[in-house]
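Commentary on secondary and tertiary structure
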Amino acid sequence: MEQMITAVMSLAAIGSGLGVVLGVAARKFAVEGDSRVEEIVAMLPAANCGQCGFPGCEGAAQAIVEGEASPTCCPPGGKVVALAIAGHLGITLGDDDMEEAPKIAVIEDAICIGCTKCYRLCPSDAIVGAMKQLHGVFAEACTGCNQCADKCPTGAITMQPLPATAGTWVMPKPVMAA
Amino acid sequence: MAHVVIPPIRRLLTRWGIHPDSHKFPAAGLDIADAGLPPLLVLPLSQQAGAPARPVVKVGDHVLRGQLVAEAVGHVSAHVHASTSGTVMAIGDAPMPHPSGLPGQGITLRPDGLDRWVQRDVEPYPINLAPEEIARRVAAAGIVGMGGAAFPAAVKLALGQRSSIHTVILNGSECEPYLSCDDRLMQERAGDIIEGARLLLRATGAQHLLVGIEDNKPDAIDAMKLAAHPYPEVSVVRIPSRYPMGAERQLIHTLLGVEPPAGGRAADVGVVVHNVGTAAAVWRALRHGEALTERVITVAGGAVAAPRNMRVRVGTPLSWLVERAGGLTREPARLVVGGPMMGVAVPDLDVPVGKGASGVLALTVAEVGEREPSACIRCGSCVVACPVGLMPLEMANRINAGELGQAEDIGLRDCLTCGACGYVCPSRIPLVQYFAHARGELMARERERKRLDEVRELTEARTARHEREAREKAEMHARRKAERAAAQAAEAAAKVSATQEESA
Ligand code: SF4
Ligand code: SF4
Ligand code: SF4
Ligand code: SF4
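Criteria and thresholds
Residues numbered from 1 in each chain as written. Chains lettered and ligands numbered in written order. Predicted model: local features only at pLDDT ≥ 70, side-chain atom pairs only at ≥ 80, totals over all residues. Heavy atoms only, no water. Helix = DSSP H or I, 4+ residues; strand = E, 2+ residues; numbered from the N terminus. Buried < 20%, exposed > 50% of the residue type's maximum accessible area, 1.4 Å probe, protein only. Contact = heavy atoms within 4.5 Å. Areas by Shrake-Rupley, 256 points an atom, 1.4 Å probe, with all protein chains shown as cover. Pairing = 2+ DSSP bridges. Axes fitted to C-alpha atoms, helices over the stretch in contact; angles between N-to-C directions. Buried area = accessible area lost by both parts, 1.4 Å probe. Salt bridge = Lys/Arg side-chain N within 4 Å of Asp/Glu carboxyl O. Polar contact = N/O pair within 3.5 Å; in protein donor to acceptor, adjacent residues only side chain to side chain. Domains from an automatic or database assignment. Nonpolar A, V, L, I, M, F, W, Y, C, P; charged D, E, K, R; others polar. Near = heavy atom within 4 Å. Patch = residues over 30% accessible without salt bridge, like charges linked within 9 Å, V, L, I, M, F, W, Y side chains within 5 Å. Lys, Arg positive; Asp, Glu negative; His and termini not counted. Charge placed at Lys NZ, Arg CZ, Asp CG, Glu CD.

1. Here's the deal with the overall build of chain A
Check the secondary structure of chain A and you find five helices and four strands. Along chain A, from the amino end to the carboxyl end, the secondary structure elements read α-α-α-β-α-β-β-α-β. Put simply, chain A has 178 residues, and 30% of those count as buried. Pairs at least 24 apart in sequence give 52% of the contacts found in chain A among residues at least 6 apart. Carbon and sulfur atoms make up 61% of the accessible area of chain A, which amounts to about 10,700 Å² in all.

Written as structure tokens, this is what we have:
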């Protein structure tokens, strides 16, 4: 009987002791994880567009921190955001992981019926227009999140690469044979 | 002239820089010719460092020479003036001297052949003007640095007025091969240059004016010494010929023995540097009331029949200049606007020259000397040649590996993109192209980061607005409900009292 009591007591003691340790560890771990996720969220474009395959930027940030997703998973953020996140988390990115140039929404004049659907949807107020009027995209404010194109009833919106201008042109890297 | 410290021998023995073949003749030996008026001019809106100018004329307008056609935008920018009288034919995309070969914004002007000026305000004694007024008129004339960088001159003057400047250095080094426009200008217009430089001196409040001229231009040195003779505050100094002597830091170090702190400006050591061509333009602007509408350009290169320095209207297409220089004798391997080391390679002769263009070169295959690059043999020649003391091979390696941040850590920002390293490299590695690429890429990233930040702010503002609207709606709803309830209660009360009255 006494043996049983000792056994039960010691097991209980070990259990609760471990429980406390686990609890503390979990909290500590959770706090660390959360702050990193928050930091990454602050670096993402906040478009919450879901192109990354996660429910919003927070989901993406979570997945990136957990190593489930690459920092390059966010098309609106593009190279700049990917590099910033990679630098923050100490990950190295391959050079060719992100060759694609940023894209923005372009509205085809002939097909736009001025329904204001895109105008109401755009998370960054990049679309200008009013009911029954031709709508336009303010390129500087468009992240290319694709939400407007998804919902446009006439398919007037497409995502196109930003046109190269002398002002945005970058001298190409020399190609070396060796 | 007594105050000038003769550069100690130690400085003359430093090993930085290179001695490329000068190729300055025959153009340097002939006087400046007038390039005349081409049938069409294109005035670039981005011919100055900084923001593009904003057009203030419409298509179809008739303009006079020296009339403002596009105004400066923001702090760093410069006015653009019509370089002759004529009609504005177009405003918009036009071929431009840009390494991308992409078009840029410009104003196309068809000269009417009369070359009539706007009203010019002649000022007999501009040296009596207040420093601020000098700076104001320099800005109004649209003057930019004419050595190549095309930095707005008035902005430089304003910078100088804020820090205490003791010396104005006039850059007459003209260290790039082929170019002799400054050499000829100094020989033919020394008086204008010295007078203009004295105005710059007054505008900055400096006491000394040092004119640095490379020793391969003895005639220019003589002419400038003669013009400077009446003025004790002006000294003309012979400096060794070496590329890139014309780089600000190198010139200051050679003349004064001091160097601006790393990442600092010339003003940090009390100095401001202007090109000799800029000084001449300042004199024309203040004394004669002429906006910057023309400059001297060296048209040269092995593929040009009769190389010559010419007085050229801003906006003249290369094709016109090449024709005036006798045309092409063979197919050029490369066309360059500016000098062969730091100029811009352009795709064809359609592009116009801007205020910063010092040369137009049509180079042959032999002159370009391009060979297939081979692997680095770690000879260290590039390190010796670099005037800034950088390690070009290391920087290029890191850029090649995509480690732009590391390249910045070892000095990418200090690189002048002078090309001395690539010039000496026995393996012909296009070192400068790496640096130009990395710089452009870093700038593009910075721009994109800023843009995304702004977009995020927009998004957040929108979310906040929606939340506020929802809250206001809810509040209004609640208020309406309360009002309705109150009204109903009042009505009920009224009914009750009415029945009571009735019953009474
Ligand atoms: S793709 Fe980018 S912007 Fe869109 S939800 Fe995912 S992380 Fe956010
Ligand atoms: S315009 Fe379209 S693609 Fe661009 S940010 Fe707005 S909703 Fe997204
Ligand atoms: S281009 Fe840059 S690295 Fe090369 S020599 Fe000039 S300053 Fe040095
Ligand atoms: S000069 Fe060329 S070959 Fe020599 S170390 Fe520099 S990069 Fe390498």
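2. Considering the side chain of Ser358(B)
Residue placement: Ser358(B) occurs in the loop between strand E16 (344-346) and strand E17 (359-363). Sequence-distant contacts of Ser358(B), that is, excluding residues within four places in its chain, are made with Gly147(B), Leu179(B), Cys181(B), Arg295(B), Val296(B), Ile297(B), Thr298(B), Gly338(B) and Gly339(B).

3. Things to note about the sheet that holds strand E1 (residues 33-34) of chain B
All names here are of chain B. If you trace the six strands from one edge of the open sheet to the other, you get E1-E14-E13-E17-E15-E16, paired in mixed fashion. On the outer flanks of this sheet lie E1 and E16, each paired with one strand and no other. With two bridges joining them, E1 and strand E14 (residues 308-313) adopt parallel strand pairing. The residue of E14 that forms the bridge with Asp 34 is Arg 311. Across the sheet, helix H4 (residues 181-188) touches strand E13 (294-300) and E14, and the angle it forms with E13 is around 125 degrees.

4. Examining the interface of chain A and chain B
If you look at the interface, chain A gives 36 residues, while chain B gives 32 residues. Between chain A and chain B, the buried area comes to about 2,900 Å², and carbon and sulfur atoms account for 61% of it. Where chain A touches chain B, the interface holds three salt bridges. One salt bridge connects Arg465(B) with Asp125(A), and the closest N-O pair in it is separated by 3.0 Å. Across the chain A-chain B interface, the total number found is 16 residue pairs in polar contact (both at pLDDT 80 or more).

5. Focus: the domain arrangement of chain A
All names here are of chain A. Segmenting chain A into domains produces domain 1 (35-89) and domain 2 (103-161). The centre of domain 1, based on its C-alpha atoms, is set 24 Å off from the matching centre of domain 2. Listed by partner, the interface residues are six residues for domain 1 and six residues for domain 2. Of all residues in domain 1, the largest losses of buried area upon contact with domain 2 belong to Ala 47, Gln 51 and Pro 76, amounting jointly to 69% of the total for that side. For the interface between domain 1 and domain 2, the tally reads zero salt bridges. Residues of the side of domain 1 that touches domain 2, tallied by class, amount to four nonpolar, two polar and no charged.

6. Points about the site of ligand 1
Around ligand 1, 14 residues are found, and the nearest of them are Cys49(A), Gly50(A), Cys52(A), Cys57(A) and Cys74(A). Split by residue class, the shell around ligand 1 holds ten nonpolar, four polar and no charged.

7. Examining the site of ligand 3
Residues and elements named next belong to chain B. Around ligand 3 sit 13 residues, and of these Cys 386, Cys 415, Cys 418, Gly 419 and Cys 421 come closest. At the level of elements, helix H12 (392-400) and helix H14 (420-424) are the ones that each hand at least two residues to the shell around ligand 3. For the shell around ligand 3, a count of residues per class yields eleven nonpolar, two polar and no charged.

8. Describing a positive patch on the surface
All names here are of chain B. On the surface, Arg 479, Arg 480, Lys 481 and Arg 484 cluster together into a patch of positive charge. Within the element layout of this structure, Arg 479 appears in helix H15 (residues 431-503). You can call Arg 479 partly exposed: its relative accessible area is 49%.

9. Quick notes on the domain arrangement of chain B
All names here are of chain B. For chain B, the domain assignment lists domain 1 (1-30 + 121-289) and domain 2 (371-504). When each unit is reduced to the centre of its C-alpha atoms, the spacing between domain 1 and domain 2 is 40 Å. Contacts between domain 1 and domain 2 engage eleven residues on the former and eleven residues on the latter. With both sides pooled, the region where domain 1 packs onto domain 2 buries about 820 Å², and carbon together with sulfur makes up 67% of that total. If you sort the residues of domain 1 by the area they bury against domain 2, Arg 15, Ile 18 and Tyr 243 come out on top, with a joint share of 42%. One can count zero salt bridges joining domain 1 with domain 2. Taken together, the residues that form the side of domain 1 that touches domain 2 break down as six nonpolar, three polar and two charged.

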